[in-house]
Amino acid sequence: MFSAAGSNERSEVMSEDPENYGSVNRLSPEERYARDPEFNRLVDTLEMQIHQAQFTGTELREAAVLAAIKYEMKTVRPQRFFIG
């Protein structure tokens with residue numbers, strides 16, 4: 001859906017200020033839309049789905065939450081065990 005070029009552009013947006021690397025996620029959605037090409041494409045794609053009557057806003061929110069949950073469930077994280 002999103003090209004590798006989009007990822008490079010996004011990295012450039014995120015690294016404009018070395019002291020705040022990654023701070024693009026702290027911007028308002030409107031600011032991210034204006035500054036982050038990948039986020040911009042995502043918003044435009046979702047808006048198109050609403051416009052074409054494919055999904056409602058509620059369905060898109062539910063789908064985004066479910067996708068995040070499914071991703072988290074598949075992501076393996078190291079676990080720390082404390083023996084006391």
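Residues numbered from 1 in each chain as written. Predicted model: local features only at pLDDT ≥ 70, side-chain atom pairs only at ≥ 80, totals over all residues. Heavy atoms only, no water.

A look at the overall build of the protein chain
Rules: Only DSSP runs of H or I with at least four residues qualify as helices, and only runs of E with at least two residues qualify as strands; both kinds are numbered from the N terminus onward. In this scheme, a residue with accessible area under 20% of its type's maximum is buried, one over 50% is exposed, and one in between is partly exposed, where area comes from a 1.4 Å probe on protein chains only. Whether two residues are in contact is decided by their heavy atoms, any of which lying within 4.5 Å being enough. Residue exposure ignores everything except the shown protein chains as possible cover, and the areas themselves are Shrake-Rupley values with a 1.4 Å probe.
Along the protein chain, the regular secondary structure elements total four helices and zero strands. Counting helices and strands in the order they occur from the N terminus, the protein chain gives α-α-α-α. The burial tally for the protein chain puts 14% of its 84 residues in the buried class. In the protein chain, 32% of the contacts between residues at least 6 apart in sequence involve partners at least 24 apart. With an accessible surface of roughly 7300 Å², the protein chain has 57% of that area assigned to carbon and sulfur atoms.

A short note on the pattern of salt bridges
Put simply, the rule reads: Any carboxyl oxygen of Asp or Glu that lies within 4 Å of a side-chain nitrogen of Lys or Arg is treated as forming a salt bridge with it.
If you walk through the whole model with that rule in mind, you get one salt bridge. Between Asp36 and Arg32 there is a salt bridge whose closest N-O contact spans 3.9 Å.

Some details on a nonpolar patch on the surface
Applicable threshold: Within the patch definition used here, like charges are joined within 9 Å and nonpolar side chains (Val, Leu, Ile, Met, Phe, Trp, Tyr) within 5 Å, considering only residues with over 30% relative accessible area and no salt bridge.
Judged by side-chain polarity, Val65, Leu66, Ile69 and Met73 come together as a nonpolar surface patch covering roughly 430 Å² of accessible area. As for its placement among the helices and strands, Val65 is situated in helix H4 (residues 57–74).

Side note on the packing of aromatic side chains
What counts is decided by this rule: To pair, rings of Phe, Tyr and Trp, with the six-membered ring standing in for Trp, must have centres within 6.5 Å; the planes then decide the type, stacked if under 30 degrees apart, edge-to-face if over 60, and tilted in the middle. Here, over-ring charges are defined by two tests on the NZ atom of lysine or the CZ atom of arginine: distance to the ring centre within 6 Å, and angle to the ring normal within 35 degrees.
Applying the stated criterion across every chain, the model contains zero aromatic pairs. Of note, Arg32 hangs over the ring of Phe39, and the distance from its end group to the ring centre comes to 4.1 Å.

Things to note about helix H3 (residues 37–51)
Stated formally: To estimate the expected span of a helix, subtract one from its residue number and multiply by 1.5 Å. The directions considered for the arc run from the helix axis to the C-beta atoms. Polar contacts, as counted here, are pairs of nitrogen or oxygen atoms within 3.5 Å of one another; within protein the pair requires one atom able to donate a hydrogen and one able to accept it, and residues that are adjacent in sequence qualify only if both atoms are side-chain atoms.
The terminal C-alpha atoms of H3, which comprises 15 residues, lie 21 Å apart, in line with the 21 Å expected from a rise of 1.5 Å per residue. When H3 is considered as a whole, its buried residues turn out to be Glu38, Phe39 and Gln49. Down the axis of H3, the buried set is contained in an arc of 100°. They therefore lie on one face. N-capping of H3 is provided by Asp36, with a side-chain oxygen placed 3.1 Å from the backbone N of Glu38. Phi turns positive, to about 60°, at Ala53, one or two residues after H3.

Things to note about the environment of Gln49
Structurally, the position occupied by Gln49 is in helix H3. Sequence separation between Gln49 and Leu60 is 11 residues, and the spatial gap between their C-alpha atoms is 8.9 Å. If we skip the residues at most four places from it in the chain, Gln49 touches Gln54 and Phe55.

Some words on the confidence of the model for the protein chain
Let me state the cut-off plainly: For every residue, the predictor states its confidence as a pLDDT score lying anywhere from 0 to 100.
With 69% of its residues at a pLDDT of at least 70, the protein chain reaches an overall mean of 78. Per-element averaging of pLDDT across the protein chain places helix H1 (residues 4–14) at the bottom with 47 and helix H2 (residues 29–35) at the top with 95. Note that residues 1–9 has pLDDT below 50 and, in this model, nine contacts with residues that lie over four places away or in other chains.

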